[in-house]
Every structure is written in structure tokens, then in C-alpha cells.
Amino acid sequence: MRKSLLLAATAISAVAAPAWAQTDNEIDDNVIIVTAQRQAQSLQEVPIAVSAFDSKALEAQQIENASDLQLTLPNVSFTKSNFTASSFTIRGIGDLCVGVSCDSATAIHLNDSPLFNTRLFETEYFDLERVEVLRGPQGTLFGRNATSGVVNVVTAKPDLSGFSASADAEYGNFQSIKLKGMVNVPLGDTFGVRLAGFYLNRDGYTENLFDNTRIDGRDMFAVRASVKWEPTPDTTIDLMGYYFREDDDRARIQKQLCQRDPTGVLGCLNTRRDFDKVNTNATFTGTLGSAEFFAINGLPAALGLNSLYGPDGHAGFIEPNDVRQVRTDFTPEYFTDELQLQAHIEHDFGPINVAITGTYQETEVDSRQDYNTSVLDRTTIDAALGTFNALSAGGAGPLGAFQPVLDAVTSGTQLCTSDTDPTGLGSFGGNRICADTPISLDRSDQDNTSWSIEGVLSSDLDGPFNFLLGGIYAENDLGQNSYYVNTFAIDYIAGVLGGGAGYLGTPFFRNNTQDFRLKSYGIFGEVYFDLSDTLKITGGLRYNNDKKSVTARSTLASFLVPFGQTGDVFDSPFVGAFDADPGTPGNQLVQSRNVAFDEITGRFVVDWQFTDDNLIYASYSRGYKSGGINPPLQPIFAVPESFDPEQIDAFEIGSKNTFADGMLQVNATAFYYKYKDLQLSRIIARTSVNDTIDADIYGLEIEAVVRPDPDWLINMGFSYLNTEVKGDQLFSNPRDPGGGRADAVIIKDITNGANCAVVPGTDGNAAGTNAFVNAINGGLGLQPTTAFPADGGIASTGAFGICGVLEAQAAAIGAGFDPAGIQVLSPGVQVNLRGNDLPQAPNVKVSAGVQYTHNFDSGWTLVPRVDIAYTGDQTGSVFNGNVNKIEGFTQANAQIQLNGGDDRWYVRAFVQNIFDSNSTTGLYLTDASSGLFTNIFTLDPRRYGIGAGIKF
């Protein structure tokens, strides 16, 4: 039944026996017993591909957080992502959809109950009963659908058998201090309380060469209180409250890489990820702040912050050739907290068990850091400000009406940037950050509340038939979600382009979801039938219904705001010119969308226990993840307003085997997935847009445990994975808008920083497209097309231009340059993804761990352990190519632990990431208006230290 199958996720916990003392009976103790169909059952008898770790196994393998899980689990990978979130990928399926309306492909559960937007992957593990990872689509057992699998964190409950307590302390390099503690107090035979918590403080892993400080540190704590009450022998009530808080200088990204584009058209090229910086002439601020753009708009060219064809803000910048070193003039800021409340009531009515679980959750996260992780040069800025001061003359000169702009963006000799201001007024309302350098930063913040109620009815009937029936209702209410990009240049441009009558609001980029609501319910169940003593079948069905609504808007210098405006930028008398929703007639101040999805899914399993120690099973399951709503874009591109649900048909065959009286355990699984409408995200116009593609996935997983005697433990794992995009899937590659065509011209649109491609009507007519662009550019005072560097991976030529003007002229006179007519394609030429690999899907993983226990006559034990894991090559983008390749990496950990008699105390020495590998786990490619730089995410550097603990 349900509980037995959930507990079955502990099937592989024996691969990591504890580093505490072992006894002669420990081999038998390591066999996990579950209550399948209300009978004692080894999890080796359960037909599910699962892995799990109890608290001692987590400790032995130094699995301290979700990121560490990937080093042992087959076909599992984990990476942070760009906007305070993360992706836990199972069998090539992860959270590749970006946006508030995206569901998680991997469902995260706490004590079997679903969580929404949890910060659970940021905290440290403490006082857990186990962590379970189920691979493959889930839905007929758990309360939320999941296409890739489930991570279920099970907390330790009060132990009514007696008082206990523990305390642990650890000190390591980077001045790391970690404390953990637990107190378990039974209050009579039926009532108990358990309190636990942890605290972590350490210096940053990254050196900031700008001011010789360290950043990316941690300062966090969590506390958990649990209550158990057993008012009758058949009734159990569990209550849990949890609070987590972090406030430090954590960095969302580890490093920013770029093959610098000297032409400035793309910003970064398409062959490598170098330790270099984006050419800022390719960015939104580089184009709209340029002398050329000002001149086209009738403004003095001398007021431009740069020339499109001259040195950019990164021209003299030296990027450190080390992922653990940066130069940044803005120290990261990171705050998050989470509250979880949970109640679980369970009662046995003889052969029927009823369980009800309610969970309430509040989460907040707010992160700011340097957008370019750099220090911009102010030479050309000072020249422009000098001209501006002279022409303004304190308000009495020819540009006197612009004096409020200078007052907003300067303070003495310092340059001022709008703070991330929810009112939208920014520096023009006095909300600003002033410094000696031109500050650029971004901010990602979000808060939400959610709750769910779930009921499960399960049977333990005599005979061959049993069943489970469950239902869940959940709501997730996102109070607000914002992503800001703030720079000195945007403030300056917004002020100058206001024409002296005001400034353009907002004077920074803000993509703001004002409200998102999810209402979801599901009905699920399974039936279990014993065809014989050894042959069983399982059938499950689920109906799921999801309703989503979003209210959002995106602003960046979108409408005129008078100088002196107070309150909110949207109080401007000119706000009527702003349209947040071009898809609806008339001008709208917000975009409002509603979508609804429902689906019936299920699974069918046949398992044959052909000996007491050998099981083989085959299963088919249908997975489902609801679709969502794409956010508003600025500027507007032709993308769907919503995206479809995911659907997966999963076929699996597996075998679980124990040999030689438990000395050898080997489990193997092979699977094939047929995926329809897999959700993938790409950045268009500074905003994540989600598309869907079809894909096939297949792979193999093997896990083995060897115990030659009670003192030795060897665990091994291997997995192979193949992913492939199926069918014709046509999308434009942001890194190469020309689509690899030598007859295309890539245009950097100087009005918005976006890219488009000009292509001839007759293939191969490169001369025609170049002549067309050069003729139009000549009339705008812009230079002709130019070739990209030979090693840049771009076959097309490029130029600065205005896509709208080129498109209009192509419609009018394009035939004069090409008999078939020239086309202007935004955001670029589409390419076929057929046959490409999916991102975040390592092709191979291999892991091994060895542990030995030396027993002293005193009862003490000494336990050394070594773990090593290799993760193979993968790609960071569905467009593949060398520029998106993520090299395979090796991680190794070791520790040695001395345990006192009866496990009352221990001391240990440890090292993690022995080889100090800068292991990259994921990539994020920014959009054309930011210059196509790549943010990378890495595992932690080498850590070492000592620890000690005591138990009562």
C-alpha cells in the first residue's frame, strides 16, 4: 500500500552504512523493513526504482544538502539556477521551465506532503529519518504529479521510548563553524516532544580582487519542533513546525564567462566560454546610450555614454582566470526564510487505515548582486557628463531643462544608480545608490504562501486484493515576484530620452508578477492483486486538475514620468501610453491571464519474486506536468502566451537481487521514455519564455553493495543516459541569430538591444543582404556590415541597425536587392533541433565508496571511508555545441571517525572535494540585450576540517 511503497524508497539506504560502530548483526539490521500491504516486507521486494539514505548514511557519505545527493545517485544531477531557484534532474528531466507559473518536474515532498517554492535545497540536512529519491513519473502514490521523480525528506519524529539528546560541532577551512543539536523528551507513554536545529557560519568561497574581500559566504540557521501523541493504540498524531533563515553575501552565480565579440554586435561569440567580459556596446545600455542613437533622435552626440564603434565599458577590464576570483564593486546580498507547519493524523480501523496530512508554508527570498560581476570604466561617462554639465549650466544653459537628470544620476563626483525600488521612481525619487564607479546590479525577490490537505485510505485485507485511495487539494499564492536590472546607464538614458519634460519610467528593468495563484486538486489510487504467491500486479490511476492565474507586467523606460513625481511611477499622467498586454485590445496597465489543465494518468506494474532474494518487475507509467503562462515581453516578439503541459510515457524493467546470504546486493533498471511537449526555457527580450519540444530518453542504472564481512562495506553505482530531441523542432539560437548562414546579416537593434537577422529571398545571395543593410545604414549614419572573428563560430556578417526600419524597407524595396525579396527575422533564423541532446543530462555517472570498521578491545571503533564519483559530459543548452558543453568532473570525499563505546561520542576529520575540482553543474545564457554572456554554477571548492559529537 501507499505507506509501504513510500518507505520502499529507502531500498538502497544500505549502500551507506553508518560511520558509527558496527556489530556482528549489522548486515541483517541494514535490511530495510517496510509494511507493504500491511505485512513486513524488505524493500528489496518493492518494484520501484528508488534510492535513499537514512541519517547515518547521510553522515557517512558527507551528504549535507541536496547538491551532495547527485554524487551518489544514478542518473541524478543538481544545479543552482539564475533566479534563486535550482534544478534537480532525474533521468534527463529537470526544472528546465523558468517562470512563476512553471510546475516542478521533480516534486519535493516533506514527510510525503508537497512543498511549493521551498528553500529546502539551500539549507543543511539535520535530524532526518531519511531522504528518499524515487526515479520516474509519480502521481498515483503522491499528492502532486511529477514527470521526473520525487525527493521526499522525512524528518525524525519524537521517540516515546526514552529521553535522548545529541550535540555536534564542526570547524573547517573558510572559518566554517557548524553546530547541530537535538533533544527528545517523552512526556509519559503516549506523548513526546523533539527539538532540533543547526547553525552554519563561514567566510566566502570567492575572493573579490576589487576590494580584497571574500564573498559568497553563509550565515544561516534552522529550528524544528515535533510533537507525537498516541491517544489510543490505533491513533497517531504528529505535529511539526520548522523555521529557516539565511542572511549573508551568498552569490547566485559563481562566474560569468564570455568569448568577447570585438564587433560589439553580439557581445559574446559562439565557440568558447572564455575568462573575458561581454562587449557592453552590444547591451541595451550600450545601444540606447550611444552617440549614434542620440544623434538619430536629434540629441547632441556628445551626450552619448559611448560610441557603438569605440571602446566599451569593459575595454580595459581584466577578468581573473579563476572561478573563485572576481572583481566586483557591488557586494552580493542574500536573504531567505521559510516557515513550515504540518499536521498528520493516522488511525487504523482494523483492516482499513485512514491518514490525513495538512501542510502550511510561507517562503521569502531576496537576492541582489552585480549584474556583470565587474567594474565598469567611467572614462567615456565622465566625458559625456562634462558636456552635459556645460550645456546645462546649473539649469541656465541650453539644456537647463535637463538639470534634474544630472541631479538624479550624480552626487558630487559619484555616479548614482536607481535602487531596486518597488515604487518605480528610482534615482529620480531619491532612491539611489551612489559610488565612485557606475554600479550595475540585479535583484530577484519573491514571497509566497501555500497550503495543502491530503487524505489517504488504504487497506490490509485478507486475500489477494488490496487498495489505496487518496485525494489532495492545494493552493499556492505568490504575493509578488520581481526581477530587476539596475545600472547607472539606464538612469542616464531614461532621463535624457525624456526630452527635458521628465524621465522614462521605470528607470530600470523590472519584470513584476503582481500575483500568481495555483489551485490544484487530484484524486489518485492503486489496486494490488496477488496472482500467485510470487506474481503480483499493481494498477494505478490519477485525475489531476490545475487552475493558474497570473497578473504581471514588464517595464523599462516605457512611458514619460514628470520630474518631481511622488508616490508611484504609475501615478504619472502619461501612463496611458503604456501597454502591458499587446494581446488585448487597448492599453492595459497589467497583463492578466488564466489557464486550466486536467489530465488522467496512471501506471501498471507486474513483479515476480521468483526466489526469496530475487525480484524482477516491468512497469508502464504516464507522467504529467501542467502547462503555464509566458510572462509579458518588452519589446514584443511573436511567442505563445501560454505553454502546453508535459506528457511522458515511461517504460521500465528492473531487477533487485541479494546473493551470498546478503554479502552482495545488485539492483538494475533499464528505462525508455517517450516525451511529448517537454518544457524548455530561453531568454527573449530580457524575459524567460517557455517552449515545448518532443524527446526520447533511454538509459540504464546499476547499484551494488558488497559486504564481504561485517567490517567492510563497498557500494558502487553506474548509470548511462541517452537523450534526443525528436521530430522537427525549429527555434532561433540566441548565440547565433544568423542560424549558421553565410548569406545572413545579424543586426543589433540600437533601439532596444535585441537581435534580428536579415536573410535573402534567394539562398546564397550574401552580397544582396549586405548591400541592402549597408544602404539603409548609410542613411542612418551607421557603419556597414562587418565580419565576425574567424574563431567566433558565426558564419554571418553583422552590423548595428534598426530592425523595424530594415523590415519596413525590405517590404517596400527589398525586390530591388533580391528578386525573391529580403526578409527580416526576429529574433533570428530558426534552426532544427532534431537529434540534439537535452540539457542537464550527463551521459554517464560512476560512483564508488569504501568503508572499513576497525574494532578495538575497548569497544571503540575507527572507521575510515572514501567516496568518489564521476559525472560525465553534458550540455547546458538544447542547442548543444562546444560553447554549451559542460565537461565531466570528478568529486572525491574522505573522512576518518573514531567512535566511543556504545556510540556515545565521536571525533572525526574530513575532506570534501579532495581534488579541489571547479565542477560546473549548469549554465545560464542571458539575452541579446545583455550581450549573451554565460553564468556558470559550480560545486563547492575543497573543504576540510574536524568535528565532534556526543549522544545522551
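Anything mentioned here points back to the structure above.
Residues numbered from 1 in each chain as written. Predicted model: local features only at pLDDT ≥ 70, side-chain atom pairs only at ≥ 80, totals over all residues. Heavy atoms only, no water.

**Structural notes on the overall build of the protein chain**
Per the secondary structure count, the protein chain includes 11 helices and 54 strands. Here the C-alpha radius of gyration of the protein chain, 30 Å, is about what a compact globule of 952 residues would show, namely 30 Å. Dimensions of the protein chain, computed from the C-alpha atoms along their principal axes, are close to 90 × 55 × 50 Å. Put simply, the protein chain has 952 residues, and 60% of those count as buried. Counting only contacts in the protein chain whose residues sit at least 6 apart along the sequence, the fraction spanning at least 24 positions is 70%. By element, 56% of the accessible surface of the protein chain is carried by carbon and sulfur atoms, the whole surface being about 33200 Å². (Helix = DSSP H or I, 4+ residues; strand = E, 2+ residues; numbered from the N terminus. Rg over C-alpha atoms; globule rule 2.2 N^0.38 Å. Buried < 20%, exposed > 50% of the residue type's maximum accessible area, 1.4 Å probe, protein only. Contact = heavy atoms within 4.5 Å. Areas by Shrake-Rupley, 256 points an atom, 1.4 Å probe, with all protein chains shown as cover.)

**What about the pairing of strand β3 (residues 50-54)?**
Note on strand geometry: in a regular strand, side chains alternate between the two faces of the sheet. Buried residues dominate β3, accounting for four of its five residues. The pairing of β3 with strand β8 (residues 128-135) spans five bridges and is antiparallel. Note on β8: the bridge partner recorded for Ser 51 is Val 133. (Pairing = 2+ DSSP bridges.)

**Comments concerning the sheet that holds strand β40 (residues 755-759)**
The mixed open sheet is built from five strands, whose spatial order is β41-β42-β39-β40-β43. The open sheet terminates on both sides in strands that have one partner only, identified here as β41 (786-787) and β43 (823-825). Sheet topology note: the β41/strand β42 (residues 797-801) ladder contains two bridges and is antiparallel. Note that in β42 the partner of Thr 786 across the bridge is Gly 798. Running over the sheet, helix α10 (residues 766-780) touches β39 (745-749), β40 and β42 and is turned about 20° from β42. (Axes fitted to C-alpha atoms, helices over the stretch in contact; angles between N-to-C directions.)

**Describing the packing of helix α7 (residues 379-392) against helix α9 (residues 488-496)**
Packing of α7 against α9 brings their axes to within 13 Å, and their N-to-C directions diverge by 30°. Between α7 and α9, the angle falls in the class roughly parallel. Relative to α9, α7 is oriented so that their crossing is left-handed. Two secondary-structure elements touch here, α7 through Ile 381, Ala 384, Leu 385 and Phe 388 and α9 through Phe 488, Tyr 492 and Val 496. Its residues assigned to classes, the contact of α7 with α9 comprises seven nonpolar, no polar and no charged. (Parallel < 35°, antiparallel > 145°, perpendicular 65-115°, else oblique. Left-handed = near helix turned anticlockwise from the far one by under 90°. Nonpolar A, V, L, I, M, F, W, Y, C, P; charged D, E, K, R; others polar.)

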